[in-house]
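Results of the structural survey
The lines below spell out each chain.
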Amino acid sequence: MSAARRVGVGFIGTGNISSAYLTAMKGFDVLDIRGLADMKQDLAAKRAAEFGVPVAASVEALLADPSVEIIVNLTIPRAHVEVGLRAVAAGKHIYGEKPLGITYAEGKRLVDAANAKGVRVGSAPDTFLGGGHQQARAIVDSGALGIIVGGSAYFACPGHEFWHPDPAFYYDIGGGPVLDMGPYYITQLVNLLGPVAKVQALSLTPHAERPIRSEPKKGQMMPVKVATHVTGTLIFASGALIQVTLSFDVPAHKHLPYELYGTEGAMLVPDPNAFAGPVQVAKPRGQFEDVPVTLPYADANYRSIGVADMAYGILNNRPHRASGELALHVLEVMEAFEVASKEGRVVDIKTTAARPAPISESLTAGKLS
């Protein structure tokens with residue numbers, strides 16, 4: 001069943017990630033792509049031709065189009081808030097790529113402006129809405145693990161310079177493993193466990209510059225302006241203590257993305273940069289066993305489900321899950337890693353965020369779920 005009404009969507013930014021969004025949006029009837037815009041107009045035109053959607057005459061034209069209700073902001077992190085504020089001023093709802101902003105202060109500025117204007121803010125990641133993560137959430141909610149007391153979240157790689165065609169921005173202000181990958185890991189932890197209360201952390205920047213190892217810029221040197229190896233502990237309002245490592249300095253490892261430890265069982269959770277993946281549970285002194293993933297959105301890359309959920313929220317006057325409130329809380333937590341590391345103290349988190357409602361039915365059914 002299709003949605004009762006389609007919600008007009010415009011894109012600002014048509015780089016690498018836009019292909020995933022445009023591909024996934026084909027599966028959500030509630031979304032009507034009205035135009036693509038980019039500072040590089042030829043790139044927008046190329047992407048529009050690739051997906052058979054309109055290209056906007058300019059960013060200004062897209063923002064002025066009354067048929068566009070949601071702006072999907074896929075610009076680089078340092079431009080997220082600037083572009084978001086322009087969309088808000090134009091009366092548009094805004095859904096942006098992660099992170100919400102590169103500082104808590106500017107992220108809050110965007111959320112406050114949207115609240116004042118009466119429009120919505122949404123932000124990636126929306127991977128926590130995938131079937132694998134929702135299955136893990138259902139296990140936590142069932143009480144099968146007992147009281148969650150601890151766990152680990154681990155992302156580490158040798159650096160994006162090994163594969164990305166233009167990786168310098170990952171090492172500039174607004175980059176680094178915390179702002180780049182932290183949104184996936186911390187958002188999923190908040191989905192599972194609720195808000196973070198305190199953060200303690202340490203960090204390293206072992207290289208002042210790094211060589212690009214991928215084409216077409218192989219051999220060029222990049223300055224490194226951010227910490228590239230960060231480790232710490234998230235202290236949740238629930239009392240759970242989760243150890244977190246985020247790094248661009250690890251050649252190889254065997255750590256799993258997540259382990260959660262409860263008083264009645266332990267759980268292995270899928271990679272939060274994907275929508276699917278195995279979920280395993282073990283009882284005390286038992287072996288880990290697979291839990292069947294029966295919830296939807298576990299069979300493909302649904303990167304845009306957060307936009308679809310926002311559209312259904314608009315149509316049905318209910319909250320959307322990948323919300324500005326959630327993204328702002330995650331942003332404050334990520335910023336606290338740097339503060340805790342530099343100042344050598346435990347940082348109290350001022351914001352909070354409600355756990356997003358679980359998905360019980362398919363959004364493609366055109367219903368609240």
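These figures come from a predicted structure and were not determined experimentally. (Residues numbered from 1 in each chain as written. Predicted model: local features only at pLDDT ≥ 70, side-chain atom pairs only at ≥ 80, totals over all residues. Heavy atoms only, no water.)

1. Description of the overall build of the protein
- The secondary structure content of the protein amounts to nine helices and 16 strands.
- For the protein, the C-alpha atoms occupy an extent of roughly 60 × 50 × 40 Å along the three principal directions.
- Expressed as a percentage of the 369 residues in the protein, the buried residues total 55%.
- Put simply, the protein shows about 15,600 Å² of open surface, and 55% of that area lies on carbon and sulfur atoms.
- Taken together, the 33 basic and 35 acidic charged side chains of the protein have centroids lying 2 Å from each other. (Helix = DSSP H or I, 4+ residues; strand = E, 2+ residues; numbered from the N terminus. Buried < 20%, exposed > 50% of the residue type's maximum accessible area, 1.4 Å probe, protein only. Areas by Shrake-Rupley, 256 points an atom, 1.4 Å probe, with all protein chains shown as cover. Lys, Arg positive; Asp, Glu negative; His and termini not counted. Charge placed at Lys NZ, Arg CZ, Asp CG, Glu CD.)

2. Some words on the sheet that holds strand β2 (residues 31-37)
- Taken together, five strands build an open sheet; the order of strands is β2-β1-β3-β4-β5 and the sheet is parallel. Both edges of this open sheet fall to β2 and β5 (121-123), since each of them pairs with a single strand only. On average, each strand axis in the sheet is tilted by 20° relative to the strand beside it, whichever way the strands run.
- In this sheet, strand β4 (residues 93-96) lies alongside strand β3 (residues 70-73) in parallel orientation, the contact comprising four bridges. Looking at β4, one finds that Ile71 is bridged to Ile94. (Pairing = 2+ DSSP bridges. Axes fitted to C-alpha atoms, helices over the stretch in contact; angles between N-to-C directions.)

3. A short note on the packing of aromatic side chains
- Scanning the entire structure with this criterion turns up nine aromatic pairs.
- Ring geometry for Tyr171 versus Phe248: centroids 5.6 Å apart, planes at 70°, classification edge-to-face. Of the two residues, Tyr171 is situated in the loop between β6 (148-156) and α7 (176-193) and Phe248 in the loop between β11 (241-247) and β12 (258-262); the sequence distance between them amounts to 77 residues.
- Take Tyr171: its relative accessible area is 0%, and that puts it in the buried class.
- Taken together, the aromatic side chains of Phe28, Phe275, Tyr297 and Tyr302 make up a single cluster linked through ring pairs. (Phe/Tyr/Trp six-rings, centres within 6.5 Å; stacked < 30°, edge-to-face > 60°.)

4. Looking at the nonpolar core
- Counting residues in hydrophobic clusters, the biggest one holds 108 residues, and the most contacted among them are Phe11, Leu234, Met267 and Phe337.
- Here Phe11 is in contact with Tyr21, Leu22, Met25, Ile33, Gly35, Leu36, Ala37, Leu62, Val72 and Leu74, once residues within four sequence places are set aside. (Core = buried A, V, L, I, M, F, W, Y, C linked by side-chain atoms within 4.5 Å. Contact = heavy atoms within 4.5 Å.)

5. A closer look at the layout of surface pockets
- Of the pockets and cavities examined, the largest pocket occupies roughly 1,400 Å³.
- For the lining of the largest pocket, the elements supplying multiple residues, two or more each, are α3 (59-64), α4 (80-89) and α7.
- Taken together, the residues that form the lining of the largest pocket break down as 21 nonpolar, 11 polar and 12 charged.
- For the second largest pocket, the calculated volume is near 420 Å³.
- Taken together, 20 residues form the lining of the second largest pocket, with Gly175, Leu179, Val226, Ala227 and Glu338 sitting closest to its centre.
- Within the residue set of the lining of the second largest pocket, elements represented by two or more residues are α7 and α9 (324-343).
- In terms of residue count, the dominant contributor to the lining of the second largest pocket is α9 (six residues).
- In terms of residue class, the lining of the second largest pocket is made up of 10 nonpolar, six polar and four charged. (1 Å grid on protein atoms, 1.4 Å probe; cavity = no way out; pocket = protein on both sides within 12 Å on 5 of 7 lines; lining within 4 Å. Points joined across faces, edges and corners; volume = space filled by probe spheres on them. Nonpolar A, V, L, I, M, F, W, Y, C, P; charged D, E, K, R; others polar.)

6. Side note on the environment of Ala197
- Summarising the element assignment, Ala197 is placed in strand β7 (residues 196-204).
- When the C-alpha positions of Ala197 and Tyr95 are compared, they lie 26 Å apart, and in sequence the two are 102 residues distant.
- The contacts of Ala197, once residues within four sequence positions are left out, are Ile235, Phe236, Ala237, Val347, Asp348 and Ile349.

7. A few points about the sheet that holds β12
- Sheet architecture is open: nine strands sit in the order β15-β14-β13-β12-β6-β11-β10-β7-β16, paired in mixed fashion. Looking along the sheet, the strands with just one partner apiece sit at the ends: β15 (289-291) and β16 (347-348).
- Each of β7, β10 (229-236), β11 and β16 is contacted by α9, which is oriented at about 45° to β7, the strand it contacts most.

8. Regarding α4
- Among the 10 residues in α4, seven count as buried, and that is most of the element.
- Those residues of α4 not exposed but buried are His80, Val81, Val83, Gly84, Leu85, Ala87 and Val88.
- Buried positions along α4 lie against β1 (7-12), α3, β3, β4 and α5 (104-117).
- Of the residues flanking the end of α4, it is Gly91, one or two places downstream, whose phi is positive at about 80°.

9. Notes on helix α1 (residues 18-25)
- The buried count for α1 comes to six of eight residues, which makes it a mostly enclosed element.
- When α1 is considered as a whole, its buried residues turn out to be Ser18, Ser19, Tyr21, Leu22, Ala24 and Met25.
- Here the buried face of α1 lies against β1, β2, α2 (41-51), β3, β4 and α8 (305-316).

10. Regarding the pattern of salt bridges
- Scanning the model with the defined rule gives 19 salt bridges in all.
- In this structure, Asp249 engages Arg210 in a salt bridge whose closest nitrogen and oxygen atoms are separated by 2.9 Å. Placement of Asp249 in the loop between β11 and β12 and of Arg210 in strand β8 (residues 209-211) is noted, with a sequence separation of 39 residues between them.
- For Asp249, a relative accessible area of 23% corresponds to the partly exposed category.
- In this structure, the salt-bridge partner of Arg318 is Asp309, at a minimum N-O distance of 2.8 Å.
- Several salt bridges converge on common partners, so that one network encompasses Arg6, Asp32 and Arg34. (Salt bridge = Lys/Arg side-chain N within 4 Å of Asp/Glu carboxyl O.)

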